[in-house]
Amino acid sequence: MSKSTDWLPGAPKTSSASDYFRLKDLKDYPNKSADLRIMCPFVTGYEGWTEENKPVRGMELESFSKDIKWRVENGKAQTPKPFWATVVWNAQAGRLQVWSFTQATIYRQLYDLLDNKKWGALNAYDITLTRKGDGTKTEYTVVPNPKEPLADEVNAAWTELQEKWVGLEALFTNGHPMQDFTTVPF
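Asker: Now, about unusual backbone geometry: what can you tell me, with residues and values included?
Answerer: The phi dihedral of lysine 32 falls on the positive side, at around 55°, and the residue is not glycine. Tracing the backbone shows lysine 32 in the loop between β1 (20-21) and β2 (33-38). On the accessibility criterion, lysine 32 (30% relative accessible area) is partly exposed. Located in the positive-phi region is asparagine 74, a residue other than glycine, with phi close to 55°. Summarising the element assignment, asparagine 74 is placed in the loop between β5 (72-73) and β6 (76-77).

What follows is the structure, given as structure tokens:
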């Protein structure tokens, strides 16, 4: 008899924190900064966190069930906020990661770069994202780095991921965007 992997190959990858770039982790980075290359257009929607500390995402606010019990912070139930998500190459981690954020200040800084004819497409250069402060006093700054071609190793990793991944839309179904599409149950 063959090994079980001969019969059912391609076990799904387990979700790993390293598959996600989290803003809160910047406090542990040198200078509280990370160099990121945005790899693809963003998906956007709304994100809320349940009492069980689980994310729930939807494309529209109306898509959320009225029965969801939202996380309570400072005595107030938190409601879904707009979010933006993309894939980035994190130079410090040396890997592709999903980056999802709700901070409008980051969005506005990225939009300004995209709208500026000297910078333009967000995948043509790295950005340095820096965190300052803590709690409600946390601020993020986005600084563009000089334009340069994508490194061969980054391009190879991105090409490989695009050939097999489920995609960012998996965020709307509580899936893992980087999961190999051949492992998704039908």
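Asker: For the packing of aromatic side chains, give the residues involved together with the corresponding values.
Answerer: In the structure shown here, the tally under the stated rule is 11 aromatic pairs. Measuring from ring centre to ring centre gives 4.6 Å for tryptophan 84 and tyrosine 107, while their planes differ by 20°; the resulting arrangement is stacked. You can see tryptophan 84 sitting in strand β7 (residues 81-90) and its partner tyrosine 107 sitting in helix α2 (residues 104-115), a full 23 residues away along the chain. An angle of 35° between the planes, with centres 4.6 Å apart, marks the rings of tryptophan 99 and phenylalanine 101 as tilted. What links up through ring pairs into an aromatic cluster is the set Phe21, Tyr29, Phe42, Trp84, Trp99, Phe101, Tyr107 and Tyr111. Directly above the aromatic system of phenylalanine 83 lies the positively charged group of arginine 57, at a separation of 5.8 Å from the ring centroid.

Asker: Tell me what's going on with the environment of asparagine 145, and back it up with residues and numbers.
Answerer: Along the chain, asparagine 145 turns up in the loop between β10 (139-144) and α3 (152-164). Once the C-alpha coordinates of asparagine 145 and tyrosine 125 are considered, the two residues, 20 residues apart in sequence, prove to be 6.1 Å apart.

Asker: Tell me about α2, and please be specific about residues and values.
Answerer: In this model α2 runs 16 Å from its N-terminal to its C-terminal C-alpha over 12 residues, within 8% of the 16 Å that 1.5 Å per residue would give. Those residues of α2 not exposed but buried are Ile106, Leu110 and Leu113. Each buried residue of α2 lies within a common arc of 55° when the element is viewed along its axis, so the set occupies one face. Facing away from the buried surface of α2 by more than 90 degrees, the exposed residues are Asp112 and Asp115. The secondary structure elements touched by the buried residues of α2 are β2, β8 (95-101), β9 (127-132) and β10.

Asker: Report on the nonpolar core, specifying residues and quantitative values.
Answerer: Of all hydrophobic cores here, the largest spans 20 residues; its most connected members are Phe21, Leu23, Trp99, Ile106, Leu110, Ile127 and Leu129. At the level of elements, β2, β7, β8, α2, β9 and β10 are the ones that each hand at least two residues to this core. Once residues within four sequence positions are removed from consideration, isoleucine 106 is found in contact with Leu23, Trp99, Phe101, Leu129, Tyr140 and Val142. Formed by 18 residues, the second largest nonpolar core is a distinct cluster that contains Val43, Val98, Trp158 and Leu168.

The rules behind the values
- Residues numbered from 1 in each chain as written.
- Predicted model: local features only at pLDDT ≥ 70, side-chain atom pairs only at ≥ 80, totals over all residues.
- Heavy atoms only, no water.
- Helix = DSSP H or I, 4+ residues; strand = E, 2+ residues; numbered from the N terminus.
- Buried < 20%, exposed > 50% of the residue type's maximum accessible area, 1.4 Å probe, protein only.
- Phe/Tyr/Trp six-rings, centres within 6.5 Å; stacked < 30°, edge-to-face > 60°.
- Lys NZ or Arg CZ within 6 Å of the ring centre and 35° of its normal.
- Expected span 1.5 Å × (residues − 1).
- Arc of directions from axis to C-beta.
- Contact = heavy atoms within 4.5 Å.
- Core = buried A, V, L, I, M, F, W, Y, C linked by side-chain atoms within 4.5 Å.

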